[in-house]
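Listed below are the residues making up each chain.
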Amino acid sequence: MNKVRLLEFTYLFCLKILSRLVPVLSEKRPFIGFMVASEKAFKKPLFGCQMCGQCILHYTGMVCPMGCPKNLRNGPCGGVRGDGNCEIKPNMKCTWVRAWDNSTQMMVFTESIEEIQTELDHRLSGTSAWINELGGGNDE
Amino acid sequence: MTNKHASNLAQRLETGLFTVTAEVTLPDSIEKEALASRAHILEPYCDAINITDSTGAVPHFSNIAAASILIENNIEPIIQFSCRDRNRIATQADVIGAHAMGVRNIFCVTGDGVQTGDHPEAKAVFDLDSVTLLTTINHLKTTGKFLSGRKLDSKPDLFLGAAVNPFVPPFEQRALRLLKKHRAGASFFQSQYCFDISRFESFLLLLLELTNGSPPPVLVGVGPLRSARFARWLRENVPGVAIPDHIINQIEKYPEKEQQKAGIEACVKIVEGVKNLTGVAGIHIMAHNWESSVSEIVEATGLTKTGRNN
């Protein structure tokens, strides 16, 4: 299994477990603390997570869009260099070139990259994305 | 009641008339006249004129003030809004203010990063991206409400556009990105400078395929290169401008004094190559600091107001 599919599988696995746990525990302070700490511990080294609290990794080929220096969440800007690198950081591959490549390798979420992502709610910065997504009793 | 500010651009594109727009270079001036005189050079050849939004992350004449000056001069503006300098509060405030001044065409872009410009130490905003900028303004347009739900006295009459750059990676994704912007509220598109017709054609083919042959109107961005040196500068310093070597070599064959003419000829060739393609609704001329070249390009390609309306 390649890396993108492994990450996608891991996401689906976490979703399965957390969609049961989070609605029950989302009000409990120790659980909130545990979720924030573990999201920081895993997503930071894996994806360069900036704790925006509104994770859309599975829509973007498991590449964090917040790694884009313009924080674009809906696709690449028009400034991508001919070699596919970033306009602002010439030595970095464009986040969206990577996201696009990876999304074509996904099993379930290949076309999710075309969905319109709403504007960020900056109040959620630093909070747990899993609790924000599943905490409202939105058991899928 | 007739709307004296109704968008002529919208009417033309909706009826399928070939459309010519151009970008006016905003002068570093504190006088109205400096802008008006430049716009008057373009006006006889264009259906509407683009006002950039501190393009290249360099402060220029305010886009709303510039648009108001054009309207005073009976010239229809397309006002560009970028995401770099305004958060969602300032954006919505400026959109309704611009509407009150008579602006009807709003063109939404991401905007160049501050590192590109002459104030690289500035804080970039990017609270919205080009798609959420479109959804935000489209929300004002369709509901007459701010994002917060607070109501305006009526719905603004706006025609929204967006940028497309088929000439930089990820190439195969650019048509899909255009359609995402279309779903977000963009009714017309202007492209980045086209110097590569075959690249544009493959983009267009994919777009036609994805839309069953009826894509939203796309105006092809074109522009004359003043010299080979300017072309290299443009390619190195303006994000997203792709100029193939053969175009620069073609211009470089001439002595420096004749390179302007060669640059216009190269631009005319591009316009001739794209103007009859299925899916091309018009052209958008960006003649940076060289407004007088627009008349030559339009006349040489038979796209004067009388020429293109027949």
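Here, the structure is the one placed above.
Residues numbered from 1 in each chain as written. Chains lettered and ligands numbered in written order. Predicted model: local features only at pLDDT ≥ 70, side-chain atom pairs only at ≥ 80, totals over all residues. Heavy atoms only, no water.

A. Structural view of the environment of Gly263(B). Residue and element names in this part refer to chain B. Within the secondary structure layout, Gly263 lies in helix α10 (residues 259-274). Classification of Gly263 as buried rests on a relative accessible area of 2%. Gly263 has contacts with Pro224, Leu225 and Ile251, leaving out every residue within four places of it along the chain. (Helix = DSSP H or I, 4+ residues; strand = E, 2+ residues; numbered from the N terminus. Buried < 20%, exposed > 50% of the residue type's maximum accessible area, 1.4 Å probe, protein only. Contact = heavy atoms within 4.5 Å.)

B. Inspection of the packing of helix α8 (residues 228-237) of chain B against helix α9 (residues 245-252) of chain B at higher detail. Residues and elements named next belong to chain B. Contact geometry of α8 with α9 gives a least axis separation of 8 Å together with a crossing angle of 155°. On the basis of the axis angle, α8 is roughly antiparallel to α9. Across the interface between the two elements, Ala228, Ala231, Arg232 and Arg235 from α8 touch Asp245, Ile248, Asn249, Ile251 and Glu252 from α9. Along the lines of polarity and charge, the residues of the contact of α8 with α9 split into four nonpolar, one polar and four charged. (Axes fitted to C-alpha atoms, helices over the stretch in contact; angles between N-to-C directions. Parallel < 35°, antiparallel > 145°, perpendicular 65-115°, else oblique. Nonpolar A, V, L, I, M, F, W, Y, C, P; charged D, E, K, R; others polar.)

C. Structural context of the interface of chain B and chain A. Facing 30 residues of chain B, the contacting portion of chain A comprises 27 residues. Looking at the side of chain B facing chain A, the largest losses of area belong to Asp129(B), Pro169(B) and Lys180(B), adding up to 21% of the total buried there. For the pair chain B and chain A, the number of links is zero salt bridges. The tally of links from chain B across to chain A stands at 16 residue pairs in polar contact (both at pLDDT 80 or more). Of all elements in the fold, only α5 (130-143) and α6 (174-183) of chain B reach the threshold of two or more residues within the side of chain B that touches chain A. Among the elements that take part in the side of chain B that touches chain A, α6(B) stands out by supplying five residues, more than any other. (Buried area = accessible area lost by both parts, 1.4 Å probe. Salt bridge = Lys/Arg side-chain N within 4 Å of Asp/Glu carboxyl O. Polar contact = N/O pair within 3.5 Å; in protein donor to acceptor, adjacent residues only side chain to side chain.)

D. Focus on the layout of surface pockets. All names here are of chain B. Reported here for the largest pocket is a volume of approximately 1000 Å³. For the largest pocket, the lining is made up of 50 residues, of which Thr55, Gly56, Asp112, Gln192 and Val238 are closest to its centre. Put simply, the parts of the chain that give the lining of the largest pocket at least two residues each are β3 (77-82), β4 (105-109), β5 (159-164), α6, β6 (188-193), α8 and β8 (280-286). When its residues are assigned to classes, the lining of the largest pocket shows 19 nonpolar, 22 polar and nine charged. (1 Å grid on protein atoms, 1.4 Å probe; cavity = no way out; pocket = protein on both sides within 12 Å on 5 of 7 lines; lining within 4 Å. Points joined across faces, edges and corners; volume = space filled by probe spheres on them.)

E. Seen up close, the sheet that holds strand β2 (residues 48-51) of chain B. All names here are of chain B. Strand order in the closed barrel formed by eight strands is β1-β2-β3-β4-β5-β6-β7-β8, and the pairing between neighbours is parallel. The average undirected angle you get between the axes of adjacent strands in this sheet is 25°. In this structure, strand β1 (residues 19-23) lies alongside β2, joined through three bridges in parallel fashion. If you follow Thr21 over to β2, its bridge partner there is Ala48. Contacts from α5 reach β3, β4 and β5 within the one sheet, and its direction differs from that of β4 by about 150°. Where α10 meets the sheet, it contacts β7 (218-222) and β8, and its direction lies at approximately 160° from that of β7. (Pairing = 2+ DSSP bridges.)

Without other data, these values stay purely geometric and don't point to any function.
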